[in-house]
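Tertiary structure, described
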Amino acid sequence: AKIAILISGRGSNMAAFVYAAKSPNCPYDIVLVASNDPEAPGLRLAEAESIATFAHPHKGMAREDHDDIMHDAILRSGAEYVVLAGYMRILSDGFVKKWSDRMLNIHPSLLPKYKGLDTYQRAIDARDNVAGCSVHLVTPELDDGPVLAQTEVAILPDDDADSLASRTLIAEHQLYPATVAHYVTRESNPDWILQQIRDRAL
Ligand code: GRF
């Protein structure tokens, strides 16, 4: 399968996809890394790995117009799936509908807990024992689509938001490429589909 990855910043999850895709068994190719920020450090890494990149700043543009430009670039790349990896823009309903069931996101909490920002501090403030990350399908409501997979991460007594974020990121880098690999092969992956139905995720 061909995937496009959308980033806004450092792109460490994108990097995890790049290295996973080097395995001969990997079921996807990264055909595009696109960003709303031409200065995103992740774009430089993608270029160094000879992956096509695209950037278009969103400043001063209507959300729909910017999404249209991103959509065109993704279509031109031939991508069949869109993988959001730290893409810090809320997407218009029109864009989300065009990629319905073909767009995934990773969120650093155990959804449905802590949608939106500051997830680590909110988990610490709530005195939770575990935090984690979730991969979900993207629907128009923020961080609300069906959850495909989660990893729990212990919260340590002296954790602050930064230390918890670093530990969660390690889990993200494992979970996200593996979940996308399952998802894009779901039709030939009956065990995984059964598990999803059992978990009522799909
Ligand atoms: C990650 O924590 C991810 O969960 C969130 O944004 C961050 C992106 O980090 N959606 P990176 O750009 O992949 O390093």
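This one's a predicted model, so the numbers in the text were calculated from it and none came from an experiment.

Details of the site of the ligand
Around the ligand, 15 residues are found, and the nearest of them are R10, S12, N13, G86 and P108. Those elements that provide at least two residues to the shell around the ligand are α1 (12–20), β5 (103–107) and α6 (161–184). In terms of residue count, α1 provides more of the shell around the ligand than any other element does, 3 residues in total. Residue composition of the shell around the ligand, grouped by class: 7 nonpolar, 6 polar and 2 charged. When we break the shell around the ligand down by domain, the ones giving at least three residues each are domain 1 (1–99) and domain 2 (106–202).

As for the UniProt feature "binding site: N(1)-(5-phospho-beta-D-ribosyl)glycinamide" (unreviewed entry) in the protein chain
Within this structure's numbering, the places UniProt gives as "binding site: N(1)-(5-phospho-beta-D-ribosyl)glycinamide" (unreviewed entry) are G11, S12 and N13. By secondary structure assignment, the location of G11 is in the loop between β1 (2–7) and α1. For G11, a count of 23 C-beta atoms within 10 Å puts it in the buried group. Beyond its immediate stretch of four places on either side in the chain, G11 contacts A40, P41, G42, L45, A85 and G86. Contacts of S12, omitting those with residues within four sequence positions, involve L169 and H173.

So, the packing of α1 against α6
The N-to-C vectors of α1 and α6 enclose an angle of 45°; their axes lie 9 Å apart at closest approach. As far as their axial angle goes, α6 and α1 are oblique. The handedness of the crossing between α1 and α6 is right-handed. Residues S12, N13, A16, F17 and A20 of α1 pack against L169, E172, H173, Y176 and P177 of α6. Class assignment for the residues of the contact of α1 with α6 results in 6 nonpolar, 3 polar and 1 charged.

Looking at the domain arrangement of the protein chain
For the protein chain, the domain assignment lists domain 1 (1–99) and domain 2 (106–202). Using C-alpha coordinates to define each centre, domain 1 is positioned 20 Å away from domain 2. Each side of the interface is counted separately: domain 1 has 17 residues, and domain 2 has 14 residues. Contributing elements (two or more residues each) for the side of domain 1 that touches domain 2: α1, β4 (81–84) and α4 (93–98).

A look at the nonpolar core
Counting residues in hydrophobic clusters, the biggest one holds 55 residues, and the most contacted among them are A4, I5, V82 and V83. In terms of residue count, the dominant contributor to this core is α6 (7 residues). Each of domain 1 (1–99) and domain 2 (106–202) accounts for three or more of the residues forming this core. Contacts of I5, omitting those with residues within four sequence positions, involve M14, F17, I30, V33, V83 and A85.

A look at helix α2 (residues 41–48)
Turning to α2, its buried residues number three or more, namely G42, L43 and A46. For α2, the angular spread of the buried residues around the axis is 105°, confining them to a single face. Turned more than 90 degrees away from the buried face of α2 sit R44, E47 and A48, all of them exposed. Lining the buried residues of α2 we find β1, α1, β2 (29–35) and β3 (53–55). Backbone geometry just downstream of α2 places S50 in the positive-phi region, at approximately 60°.

Cut-offs used in this document
- Residues numbered from 1 in each chain as written.
- Predicted model: local features only at pLDDT ≥ 70, side-chain atom pairs only at ≥ 80, totals over all residues.
- Near = placed C-beta within 6 Å.
- Helix = DSSP H or I, 4+ residues; strand = E, 2+ residues; numbered from the N terminus.
- Nonpolar A, V, L, I, M, F, W, Y, C, P; charged D, E, K, R; others polar.
- Domains from an automatic or database assignment.
- UniProt positions renumbered as here; feature names shortened; annotations may be inferred.
- Buried ≥ 20, exposed ≤ 12 C-beta atoms within 10 Å, placed from the backbone.
- Contact = placed C-beta atoms within 7 Å.
- Axes fitted to C-alpha atoms, helices over the stretch in contact; angles between N-to-C directions.
- Parallel < 35°, antiparallel > 145°, perpendicular 65-115°, else oblique.
- Left-handed = near helix turned anticlockwise from the far one by under 90°.
- Core = buried A, V, L, I, M, F, W, Y, C linked by C-beta atoms within 7 Å.
- Arc of directions from axis to C-beta.

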